[in-house]
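What the coordinates show
Chain residues, written in single-letter form:
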Amino acid sequence: DVKVTQSSRYLVKRTGEKVFLECVQDMDHENMFWYRQDPGLGLRLIYFSYDVKMKEKGDIPEGYSVSREKKERFSLILESASTNQTSMYLCASSLYARAPIHTEAFFGQGTRLTVV
Amino acid sequence: DQQVKQNSPSLSVQEGRISILNCDYTNSMFDYFLWYKKYPAEGPTFLISISSIKDKNEDGRFTVFLNKSAKHLSLHIVPSQPGDSAVYFCAAPAGDKYIFGTGTRLKVLA
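Since the model is a prediction, treat every value here as computed from it, not as a measurement.

Describing the overall build of chain B
- A count of helices and strands for chain B gives zero helices and 11 strands.
- The order of helices and strands in chain B, counted from the N terminus, is β-β-β-β-β-β-β-β-β-β-β.
- Taking 110 residues into account, the globule formula puts the C-alpha radius of gyration at 13 Å, and chain B, at 13 Å, falls close to it.
- Along the first, second and third principal axes, the C-alpha atoms of chain B reach 40 × 30 × 20 Å.
- A buried classification covers 39% of the 110 residues belonging to chain B.
- In chain B, 52% of the contacts between residues at least 6 apart in sequence involve partners at least 24 apart.

The structure is reproduced here in structure tokens:
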């Protein structure tokens, strides 16, 4: 079974802190993703990576950065946490997304981040 | 610009009846669709998928229908069970990423 593991289930951080969210997958997947989930807004893509050291902005990258130094690990960094970054953060990985081969994305358990 | 839309934020269904969750898309280049189920405080789990070369895919109680001309897909759950109560997301791969709808919260009443 594919396993995507996020380092924390719950985090509480102060405004202005630098926050690191870590994600590890164990299936040698090419693609990794960071989403955030907010009520009424669904899953919004923050950043994704299709290879080591490669990253692409998603729909809402402002205030975030990412790092992928190893294939299995994808980190999300909140440079200076703000209250509007309080959310559920979801990491995912997939073997392929691009046609002609499609596979599903597998998600971690999520990190509920509260910024106070 | 939402390319994948779920226009019903919530749905309540009696146990044993059929649940129908709908999803519309705008990009005719999408050729594969997925449904995910999400419980509170957990990550989404993959449920079922469909390729655009098919109009139906079935897996146990779950069936997904695709109407390409209408750019519409639906997920049918028959019979619905209380454990099906969750948020359901439809999604489509676009290049190297996945685009998700906003989700529909299904509540199955015992």
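Thoughts on the interface of chain B and chain A
- Listed as interface residues are 20 residues of chain B and, on the opposing side, 22 residues of chain A.
- Taken together, the elements giving at least two residues each to the side of chain B that touches chain A come down to β4 (32-38), β5 (45-51), β9 (86-94) and β10 (97-100) of chain B.
- Residue composition of the side of chain B that touches chain A, grouped by class: 10 nonpolar, six polar and four charged.

Here's the deal with the sheet that holds strand β8 (residues 73-78) of chain A
Residues and elements named next belong to chain A.
- Strand order in the open sheet formed by four strands is β1-β3-β8-β7, and the pairing between neighbours is antiparallel. The sheet is open, and its two borders are formed by β1 (4-6) and β7 (64-70), each paired with just one other strand. Strand-to-strand, the axes of this sheet are offset by a mean angle of 20°, without reference to chain direction.

Side note on unusual backbone geometry
- Backbone torsion omega between B:V78 and B:P79 reads -10°, so that peptide bond is classified as cis.
- Tracing the sequence through the fold places B:P79 in the loop between β8 (72-77) and β9.
- The backbone of A:D28 shows a phi angle near 60°, a positive value even though the residue is not glycine.
- Turning to its location among the elements, A:D28 is positioned in the loop between β3 (19-25) and β4 (31-38).
- A positive phi angle is found at B:K71, which is not glycine, with a value near 55°.
- On the secondary structure map, B:K71 appears in the loop between β7 (62-67) and β8.

Thresholds applied
Residues numbered from 1 in each chain as written. Chains lettered and ligands numbered in written order. Predicted model: local features only at pLDDT ≥ 70, side-chain atom pairs only at ≥ 80, totals over all residues. Helix = DSSP H or I, 4+ residues; strand = E, 2+ residues; numbered from the N terminus. Rg over C-alpha atoms; globule rule 2.2 N^0.38 Å. Buried ≥ 20, exposed ≤ 12 C-beta atoms within 10 Å, placed from the backbone. Contact = placed C-beta atoms within 7 Å. Nonpolar A, V, L, I, M, F, W, Y, C, P; charged D, E, K, R; others polar. Pairing = 2+ DSSP bridges. Axes fitted to C-alpha atoms, helices over the stretch in contact; angles between N-to-C directions.

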